[in-house]
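Next come the chains, spelled out residue by residue.
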Amino acid sequence: MAPETFWRPGLATPIGAAREWCLQAKCGPCDRVTAYRLAELADVHGARLTVSEIVSRLRCKLCQAEPTTAELVSENAGRSGHFKTVPLPI
Ligand SMILES: [Zn+2]
């Protein structure tokens, strides 16, 4: 079994290097959470775009507001069964 990795992406991580992570952004006014797969964002926008650049481009589809919170969530639960999350400063 492969050893569990403790590496976590951050704002400066190119999205192509964290393809198995999702970006979850919440719109405060709408109380609505939208999840984006980094693999899909990398295919559409380019793998070299950083997490920070993606977050700065995010807008709510309903009200066009910038997200109030954003976090990265691993698509694969670790051995503990917990999904890894990385809160992002906005
Ligand atoms: Zn909204």
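Procedures and definitions
- Residues numbered from 1 in each chain as written.
- Predicted model: local features only at pLDDT ≥ 70, side-chain atom pairs only at ≥ 80, totals over all residues.
- Core = buried A, V, L, I, M, F, W, Y, C linked by C-beta atoms within 7 Å.
- Buried ≥ 20, exposed ≤ 12 C-beta atoms within 10 Å, placed from the backbone.
- Helix = DSSP H or I, 4+ residues; strand = E, 2+ residues; numbered from the N terminus.
- Contact = placed C-beta atoms within 7 Å.
- Pairing = 2+ DSSP bridges.

In this section: the nonpolar core. Within the largest apolar cluster, 12 residues are counted, these being Ile15, Ala18, Trp21, Leu23, Ala25, Leu38, Leu41, Val51, Ile54, Ala70, Leu72 and Leu88. Only β1 (21-27), α1 (38-45), α2 (51-57) and β3 (69-74) provide two or more residues apiece to this core. The element best represented in this core is β1, accounting for three residues. If we ignore the near neighbours within four places in the chain, the residues touching Ile15 are Leu38, Leu41, Ala42, Ala47, Leu49, Thr50, Val51 and Ile54.

Another aspect to go through is the pairing of β3. Pairing of β1 with β3 involves six bridges; the strand directions are antiparallel. Residue Ala25 lies in a different strand from β3, and its bridge partner there is Ala70. Of the strand pairs in this sheet, β3 and strand β4 (residues 85-88) are connected by four bridges, and their pairing is antiparallel. What sits directly across from Ala70, in β4, is Leu88.

In the Ramachandran plot, Asp31 falls in the positive-phi region, its phi being about 50° despite a non-glycine side chain. Position of Asp31 among the secondary structure elements: in the loop between β1 and β2 (32-37). Assessed through the 8 C-beta atoms surrounding it within 10 Å, Asp31 is described here as exposed. Even without a glycine there, the phi angle at Gln64 is positive, about 70°. As for its position among the elements, Gln64 is in the loop between α2 and β3.

Two elements, β1 and β2, share six bridges in a ladder whose sense is antiparallel. Looking at the pairing, Ala25 lines up with Thr34 of β2. Connecting the antiparallel pair β1 and β2 is a turn made up of four residues, with Asp31 showing a positive phi of about 50°.

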